[in-house]
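Here are the chains, one letter per residue:
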Amino acid sequence: MCNGLLNPAQYREPQALADEHALIFARTWNFVGLLFEQEAGQHRGVKLGATSLIIQCDKQGRPRAFLNVCSHRHAQLCEQGVHRGPIRCPYHSWTYDREGIPAGIPQPQAFPEVIADKSAHRLKEFACETVGQFIFVRLSTDGPSLRDYLGPEYDFLLHASAGMNGLIDEFRQDVHANWKAVIENSLEGYHVPAVHNQTFMKVEGMERGHQAPVDTVQHPLHSSIDHPAAADWLVTFERKIAPKIGSWAWRFPHYTHHLIFPNLTVTSFLGYSFHIQRFEPSAVGITTVHSRTVSVGFTGQSPVGAKMVEQIYAESKSFTERVFAEDAAICRAVQQGLECAERPAVIGNGIEDRVLHFQRAYQRCMNPTSPPPPT
Ligand code: FES
Ligand SMILES: [Fe+2]
């Protein structure tokens, strides 16, 4: 057991969020969306920390990230979410091409300098890189490549992307708690019996007490856990279900949960779908969770198998929604406690290691020049 490394004030004071925007969200690589969602001829408004972005693919199909601010007189160009057609400013209707260069300007004679050198008035652009289907943006001009930043998670995201072919479910919902409290909740299974005794505790093949989960906390920022499926359940799955539903790109015999610091989690059971959650700090006490469940392609599937997969996906959608509601309710209670808490939390050995690991990663980013915290 040890004391938590963060102070309750860091979960409730607006200054803490302002510091996080500058020291964490502006300097790390942040997940902003999936490549297959990004159709040609559309653009997407995304909030990254305190910065509003537009993501769109250029003529080569490469995703690019632009500041969501018009070069004319600073109007925000679009709201969050997907928009069809080119970027068009709602104020005076300037339009921008796929490279973020002004393409259409009403009454152009009034802007001779812009017309003479449109590129000089392009939208501010940020570093944007992909791994498989995952698009990431870094706001700061300097920093590591995406591959270096992700370390071992690069290969995980690449493998996970292999069979991805569409969205089963997507929602955005506010949780009334600080983003760190919401992420910490996702990093431990200690709360499962109390909070999810009607949901997670009843998942077939995932009953507790079979094999211990394996934490991976070697990377300074990211962490993951693999929880093996029950061996006898897997044998039945192999015999009765697998021959019907066919095979898929990346199959593994466990439940896995990855945190890609600071605010992306990717989870999957066996690899036949992936649950991707982005935790956006909308205010110091509000986290907007953007949740996507992604399907993968199957080969060698029988018609009965196709129905089974449909059923599995429908169940996973309602399961995700119920688990989300349970976590949202407990996170709200945690935030209410944090509003008047005076001491650091206590963190359990072995069962809350990833919470501590997250707090160390957080401190490392918030105090980049200080030595690592004692273990
Ligand atoms: S502010 Fe965008 S066109 Fe005028
Ligand atoms: Fe939970």
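Conventions and cut-offs
Residues numbered from 1 in each chain as written. Chains lettered and ligands numbered in written order. Predicted model: local features only at pLDDT ≥ 70, side-chain atom pairs only at ≥ 80, totals over all residues. Heavy atoms only, no water. Salt bridge = Lys/Arg side-chain N within 4 Å of Asp/Glu carboxyl O. Helix = DSSP H or I, 4+ residues; strand = E, 2+ residues; numbered from the N terminus. Buried < 20%, exposed > 50% of the residue type's maximum accessible area, 1.4 Å probe, protein only. Pairing = 2+ DSSP bridges. Domains from an automatic or database assignment. Contact = heavy atoms within 4.5 Å. Buried area = accessible area lost by both parts, 1.4 Å probe. Polar contact = N/O pair within 3.5 Å; in protein donor to acceptor, adjacent residues only side chain to side chain. Donors = N, O, S within 2.8 Å, 3.2 Å for Na, K, Ca; no water. Tetrahedral: all angles 85-135°; square planar, octahedral: opposite > 155°, others 65-115°. Lys, Arg positive; Asp, Glu negative; His and termini not counted.

Re the pattern of salt bridges
Applying the stated criterion across every chain, the model contains 13 salt bridges. A salt bridge links K317 to D169; its shortest N-O distance comes to 3.5 Å. Taken together, the residues span a long stretch of sequence, with K317 in helix α8 (residues 303-340) and D169 in strand β12 (residues 164-175) at a distance of 148 residues. Given a relative accessible area of 32%, K317 falls into the partly exposed group. Sharing partners across several salt bridges, the network here consists of D58, R62, R64 and E125.

With respect to the pairing of strand β18 (residues 273-283)
Judged by how many residues are buried, β18 sits mostly within the fold: 9 of 11 residues are covered. Pairing geometry for strand β17 (residues 264-269) and β18, over 4 bridges, is antiparallel. Within β18, the residue paired with V266 across the bridge is I276. Hairpin connection between β17 and β18: a loop of 3 residues separates the two successive antiparallel strands, and L270 in this loop has a positive phi of roughly 70°. Of the strand pairs in this sheet, β18 and strand β19 (residues 286-296) are connected by 10 bridges, and their pairing is antiparallel.

Things to note about the domain arrangement of the protein
With domains assigned, the protein is organised as domain 1 (30-143) and domain 2 (151-366). Measuring from the centre of the C-alpha atoms in domain 1 to the corresponding centre in domain 2 gives 32 Å. Taken residue by residue, the interface counts 18 residues in domain 1 and 19 residues in domain 2. Considering only the surface of domain 1 that becomes buried against domain 2, F31, V131 and F134 emerge as the three largest contributors, covering 38% of it. Applying the counting rule to domain 1 against domain 2 returns 1 salt bridge. Here R292 ties to E37 by a salt bridge, and the two come within 2.6 Å at their closest N and O atoms. Run the count over domain 1 and domain 2 and you get 5 residue pairs in polar contact (both at pLDDT 80 or more).

Points about unusual backbone geometry
Of the consecutive residues F261 and P262, the connecting peptide bond is found in the cis state with omega at 5°. Within the element layout of this structure, P262 appears in the loop between β16 (254-260) and β17. One non-glycine residue with positive phi stands out, namely Q107, at about 50°. Located in the positive-phi region is L270, a residue other than glycine, with phi close to 70°. Structurally, L270 is set in the loop between β17 and β18. With relative accessibility at 1%, the residue L270 sits in the buried group.

Overview of the coordination of the iron ion (ligand 2)
Bound to the iron ion (ligand 2) are the protein donor atoms H191 (NE2), H196 (NE2), D327 (OD) and D327 (OD), situated 2.1 to 2.6 Å from the metal. For the iron ion (ligand 2), the 4 donor atoms are set out with angles of 55 to 150° between them, so the coordination reads as irregular. Donor residues for the iron ion (ligand 2) sit on one chain with the sequence pattern H-x4-H-x130-D. Of this pair, H191 sits in the loop between α5 (179-186) and α6 (192-195) while D327 sits in helix α8, and the two are 136 residues apart along the sequence. A single burial state applies to H191 and to D327, both of which are buried.

Thoughts on the side chain of E153
Within the secondary structure layout, E153 lies in helix α4 (residues 153-161). Buried E153, no salt bridge; nearest opposite-charge side chain is R354, N-O distance 7.2 Å. Not counting residues within four places of it along the chain, the set of residues in contact with E153 comprises H222, S223, S224, H258 and I260.

Description of the pairing of β17
The element β17 is largely enclosed, with a buried count of 6 among its 6 residues. Burial of the side chains of β17 extends over both faces: L264, V266 and S268 are buried on one face and T265, T267 and F269 on the other. Between the antiparallel neighbours β16 and β17 lie 3 residues.

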